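Listed below, chain by chain, are the residues.
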Amino acid sequence: MLKIAIIGGGSSYSPELVEGIINRYAQLPVTELALVDVESGREKVNIIADLTRRMLKKKGLEQVNVSVHFELDDAIRGASFVLTQLRVGQLAARAADERLGLKYGRLGQETTGVGGFAKALRTIPVMLNVARKVEELAPDAFIINFTNPAGIVTEAVSRYSNAKIIGLCNVPVNMHHMIAGMLDAPWDDVQLRFAGLNHLVWVHQVTCRGEDVTKQVIDQLCDGQSLTMNNIKDMPWSPQFLRALNAIPCPYHRYYWQTPQMLAEEQEKAKNGHEGTRAEQVMKVEAELFALYADPHLAHKPEQLSFRGGAYYSEVAVELISAIHNNSGKNLVVNCRNNGSIHGLPDDAVVEVNCLVDAQGAHPLVFGKLPPLMNGLTQQIKAFERLTIEAAVHGDRNQALLALLGNPLVGDVATAEALLDEVLTLNKPWLPQFSSAR
């Protein structure tokens, strides 16, 4: 028996994941896919379930049972893996987060700034409930977390439950593909050394067929090549900066190191009735996707899903599940407990680093100390993350205020206080832990 439960099974990403499972069926002979969603998502999850059955049938895999659930217990019971891709408050809450940040002249989306903060407050209690169910009903199962903000959510579950959890993001695999393309080399010939936090990670070394080619890649970036993913386009980093950094920043560093330009872009999009914030763009894409998914003749992942973001989502998920299930010891970049990998961070802090993955889970490779500039930003964001976790778990308004103040995308006391008031008011239906907070 190899049962995979997908919490948030009605997500538009699910066909991507299903395609990956189908393509790796020889390595992962899945017997059941249990799709879980909330009652308000009943129509969407049933559409996904029907499409999943058609995709399986097309490949001659009708023996895989596809079940739909609106409660956690039956879905989780007996599962080997529990994949989490949930969104408390749906996309409307994300859109409100983005608009709130812009109202105060601040950046933020579902992992950065006030947007990442608000989403974490909504999400952590729900994820801890999932973790408690896994502890009770499938204690040997691994939670594979894609829910954003992935690093914060994974650390909250790791620190406040006994469930086994590994966080995943598609940014490292995107960077791997793009850098391999820049080098005109096969994927398997290129190795990248990552270290940092989720959406705050750097490539510190690139090797190709055993040769260190980091300088060559940096030179190509200095010559105008860029990394574009998840609808975040790198503005060209200056050659002087890249060579001084001597590493390759992920696109999310734009939020911190190109803040004025990024803010101007987001403000312009928000004013544009056709474009809107990223969440508002995604709402339009999802409406189109579910119209396609509902077509009874569709039996494959449609090309339009690429516009949703999340490229290589299935690749990283299935690679990780396979490495655990088959005890392969594969080198993968995941979010897990630091355990001494990045010096200067607590052992229980979740970091994004290269790990060897086997049946016991993810074993982080030792990286050492981050260079001073990277260490300073990493320490500040990690402090924000840990304060946010404490606020979410305990409904502690004081910790919440300090978290926002500590985020470099917020930056002053008056703004932090005003943002916190609005976050707690806008999200009151999803933040019962704050109901008695003063």
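For the structure, see preceding data.
Residues numbered from 1 in each chain as written. Predicted model: local features only at pLDDT ≥ 70, side-chain atom pairs only at ≥ 80, totals over all residues. Heavy atoms only, no water.

1. A few points about the packing of helix 6 (residues 150-160) against helix 14 (residues 372-394)
- Contact pair helix 6 / helix 14: the axes reach a minimum separation of 10 Å and the direction vectors enclose 60°. By the criterion of interaxial angle, the relationship of helix 6 to helix 14 is oblique. Pair helix 6 / helix 14 crosses with right-handed handedness. Counting all contacts with helix 6, which are made through Ile 152, Glu 155, Ala 156, Arg 159 and Tyr 160, the residues of helix 14 involved are Lys 382, Phe 384, Glu 385, Arg 386, Ile 389, Glu 390, Val 393 and His 394.
- By residue class, the composition of the contact of helix 6 with helix 14 is six nonpolar, one polar and six charged. (Axes fitted to C-alpha atoms, helices over the stretch in contact; angles between N-to-C directions. Helix = DSSP H or I, 4+ residues; strand = E, 2+ residues; numbered from the N terminus. Parallel < 35°, antiparallel > 145°, perpendicular 65-115°, else oblique. Left-handed = near helix turned anticlockwise from the far one by under 90°. Contact = heavy atoms within 4.5 Å. Nonpolar A, V, L, I, M, F, W, Y, C, P; charged D, E, K, R; others polar.)

2. Things to note about empty space enclosed by the protein
- Applying the stated criterion across every chain yields a total of two cavities of 30 Å³ or more.
- When its volume is computed, the largest cavity comes out at roughly 130 Å³.
- What lines the largest cavity is a set of 15 residues, among which Thr 111, Asn 198, Tyr 256, Ile 381 and Glu 385 lie closest to the centre.
- Secondary structure elements with two or more residues in the lining of the largest cavity: helix 6 and helix 14. (1 Å grid on protein atoms, 1.4 Å probe; cavity = no way out; pocket = protein on both sides within 12 Å on 5 of 7 lines; lining within 4 Å. Points joined across faces, edges and corners; volume = space filled by probe spheres on them.)

3. Looking at the pattern of salt bridges
- By the definition in use, this model includes 29 salt bridges.
- Among the salt bridges present, the one from Asp 50 reaches Arg 53, with a minimum N-O distance of 3.0 Å. One end of the pair is Asp 50 and the other is Arg 53, both in helix 2 (residues 42-58) and three residues apart, which spans about a single turn.
- Its relative accessible area of 38% is what places Asp 50 among the partly exposed residues.
- Overall, the relative accessible area of 36% leaves Arg 53 in the partly exposed class.
- For Arg 243, the salt bridge is made with Asp 219, and the minimal N-O distance between the two is 3.0 Å. Here Arg 243, found in helix 9 (residues 239-245), pairs with Asp 219, found in helix 8 (residues 214-222); they are 24 residues apart in sequence, far enough to count as distant.
- Here the salt bridges do not stand alone but share partners, grouping Glu 155, Arg 159, Asp 348, Lys 382, Glu 385, Arg 386 and Glu 390 into one network. (Salt bridge = Lys/Arg side-chain N within 4 Å of Asp/Glu carboxyl O. Buried < 20%, exposed > 50% of the residue type's maximum accessible area, 1.4 Å probe, protein only.)

4. Here's the deal with the environment of Met 182
- Mapped onto the secondary structure, Met 182 falls in helix 7 (residues 171-182).
- Taking the relative accessible area as the measure of exposure, Met 182 reaches 13% and is therefore buried.
- Put simply, Met 182 and Phe 194 are twelve residues apart on the chain and 18 Å apart in space, counted from C-alpha to C-alpha.

5. Things to note about the packing of aromatic side chains
- Within this structure, the stated rule accounts for six aromatic pairs.
- For the ring pair Trp 202 and Trp 257, a centre distance of 6.2 Å and an interplane angle of 40° mean the geometry is tilted. Remark: Trp 257 occurs in helix 10 (residues 254-257) and Trp 202 occurs in strand 8 (residues 200-208); sequence separation between them is 55 residues.
- Ring centres of Trp 237 and Trp 257 lie 6.4 Å apart, and the angle between their planes is 85°; on these two criteria the pair is classed as edge-to-face. On the criterion of sequence distance, the pair formed by Trp 237 in the loop between strand 11 (232-233) and helix 9 and Trp 257 in helix 10 is long-range, its members being 20 residues apart. (Phe/Tyr/Trp six-rings, centres within 6.5 Å; stacked < 30°, edge-to-face > 60°.)

6. Description of the environment of Val 64
- Inspection of the secondary structure puts Val 64 in the loop between helix 2 and strand 3 (65-69).
- For Val 64, a relative accessible area of 7% translates into the label buried.
- Separated by twelve residues in the primary sequence, Val 64 and Thr 52 have C-alpha atoms spaced 10.0 Å apart.
- When sequence neighbours within four positions are dropped, the list of residues in contact with Val 64 reads Tyr 25, Val 30, Thr 31, Glu 32, Leu 33 and Leu 56.

7. Looking at the layout of surface pockets
- Approximately 500 Å³ is the volume found for the second largest pocket.
- If you trace the second largest pocket, you find 22 residues lining it, with His 176, Trp 187, Asn 331, Leu 332 and Val 333 closest to the centre.
- Those elements that place two or more of their residues in the lining of the second largest pocket are helix 7, strand 7 (190-197), strand 8, helix 13 (313-325) and strand 13 (330-337).
- Among the elements that line the lining of the second largest pocket, the one with the most residues is strand 7, at five residues.
- For the lining of the second largest pocket, the class distribution of residues is eleven nonpolar, six polar and five charged.

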